[in-house]
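Structural features, examined
One letter stands for each residue in the lines below.
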Amino acid sequence: MKVALWGVDSRDGALLSKMKKTLDSLGIKSQVMASGNYVLASEVDMVIVTGGDRGILEYFHKVTAASAPVLGIYETDSTGFLAQLEVRDLESAAGRLKRGDYDVDEVFRLAVKVDGRDVDPVLNDVAVFPSKSATLMEHVLKIDGKGVWRDNSDGVIISTPTGSTAYTMSAGGPMVIQKSQVFLAVSVNSLDNTRRPLVMPNDVRVEVADITSRYHCEVVLDGGRRVRVRNMLECSKHAFPARLVRMAGDSSAASLLAKKVRLAEDMLKMPPSAKLILKTLEYEGALGQKDLSARTMLPERTIRLSLSHLIKGGYVKRKTSLRDARQRIYELKI
């Protein structure tokens, strides 16, 4: 068995070296995939990606061609929704990996163009919002070149089924079984209260055109990278799907949806600041207080109080960072 190892950034170097040593000692040939050298992704039996769910999303942004199945690794004992294995369990799981004792889910990605230019493909969703919050954006939604609606709203999200339980769900979209062959379009806080989420087959071309706002607008890829857009976003099914390794256990489509439903129900009882922190940790993975403050723009005192509430409620856990023992990081516990 041949395995490629990939990390989100240079800080993962020590962890990748440790994982390589473990795999090599167990008779699994492994090689660290250098940044930019993604040919290796199609030449191995499996790619192991660090960084949890965020690492998987970043990996599928970088790898635009065919890839071996991807196993996501967490650095702590969280479970996540895409990543499947905690790093300390890698040695005990090696035998199962060698025997092929796992499932592979194949889910499609979105190919994305901004003003006619190709950008990173996405696994979850692509959204368009004004660069300044609380500002309306006007747009026209088209399917295969035909107008469906003209809308004034806070923004619009185009999602895959994989992303239907992420940002799209928070904006009022439906939850969709991961292997469904559909796109979702969700208008965020539309002025037209009859505007409802739209489900369409994934063999169509979706356009968000004639985008206008008082401020410039941005395309947000999987909740991370932002690209300025002047007029049009185009989405279609990507030629190469994402192949995700599923270890036996609580990882079926129904189980993942059940976890999301429980989380959504619990969030209804939380203050807005706690909800924002919880969704940030879901999207970004484990973060320290300073990182949370930078991403949410909440005051540090509010961050501390919200984290205390979330830890007490059993939604978030506090850990010592493996990269810096002086730093405390926070992550989803559910």
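Conventions we followed
Residues numbered from 1 in each chain as written. Predicted model: local features only at pLDDT ≥ 70, side-chain atom pairs only at ≥ 80, totals over all residues. Heavy atoms only, no water. Helix = DSSP H or I, 4+ residues; strand = E, 2+ residues; numbered from the N terminus. Contact = heavy atoms within 4.5 Å. Areas by Shrake-Rupley, 256 points an atom, 1.4 Å probe, with all protein chains shown as cover. Salt bridge = Lys/Arg side-chain N within 4 Å of Asp/Glu carboxyl O. Buried < 20%, exposed > 50% of the residue type's maximum accessible area, 1.4 Å probe, protein only. Core = buried A, V, L, I, M, F, W, Y, C linked by side-chain atoms within 4.5 Å. Right-handed = clockwise from strand over helix to strand, strands pointing away. Pairing = 2+ DSSP bridges. Axes fitted to C-alpha atoms, helices over the stretch in contact; angles between N-to-C directions. Phe/Tyr/Trp six-rings, centres within 6.5 Å; stacked < 30°, edge-to-face > 60°.

Quick word on the overall build of the chain
Along the chain, the regular secondary structure elements total eight helices and 21 strands. Sequence separation of at least 24 residues holds for 65% of the intrachain contacts in the chain that already meet a minimum separation of 6. With the model as given, the accessible surface of the chain reaches about 15600 Å², and the carbon-plus-sulfur share is 49%.

Brief notes about the pattern of salt bridges
For the structure on display, the rule yields 15 salt bridges. R225 is the salt-bridge partner of D120, the closest N and O atoms lying 3.3 Å from each other. Here D120 is found in strand β8 (residues 117-122), whereas its partner R225 is found in strand β17 (residues 225-229), with 105 residues between them in sequence. Of the residues examined, R225 reaches a relative accessible area of 37% and is grouped as partly exposed. Shared partners join several salt bridges into a network, and the residues in it are R96, R99 and D101.

Examining the nonpolar core
Within the largest apolar cluster, 28 residues are counted, with the highest numbers of intra-cluster contacts made by V112, V126, V128, I158 and L233. In this structure, V49, Y59, V70 and L123 belong to the second largest nonpolar core, which totals 23 residues.

Comments concerning the pairing of strand β4 (residues 70-74)
Summarising burial for β4: five of the five residues are buried, a large majority. Across the two faces of β4 the burial is the same, with V70, G72 and Y74 and L71 and I73 all buried. Each parallel crossover has a hand, and for strand β3 (residues 46-49) linked through helix α2 (residues 52-62) to β4 it is right-handed.

Observations regarding the sheet that holds strand β10 (residues 137-143)
Backbone-to-backbone hydrogen bonds join strands into a sheet, with any given pair of strands oriented parallel or antiparallel. Strand order in the open sheet made by the six strands is β8-β7-β18-β15-β10-β11, with antiparallel pairing throughout. For this open sheet the edge positions go to β8 and β11 (146-153), each flanked by a neighbour on one side alone. Adjacent strand axes in the sheet meet at a mean angle of 20° when their direction is disregarded.

Some words on the packing of aromatic side chains
Two measures describe an aromatic ring pair: the distance that separates the ring centres and the angle between the ring planes. Under the defined criterion, the tally for this structure stands at four aromatic pairs. Note on W6 and Y59: the rings are 5.5 Å apart at their centroids and 75° apart in plane angle, and the pair reads as edge-to-face. Residue W6 is found in strand β1 (residues 2-6), and its partner Y59 is found in helix α2; the two are separated by 53 residues along the sequence. Classification of W6 as buried rests on a relative accessible area of 3%. Aromatic side chains F129 and Y167 sit 6.0 Å apart centroid to centroid with 20° between the ring planes, which places their arrangement in the stacked category.

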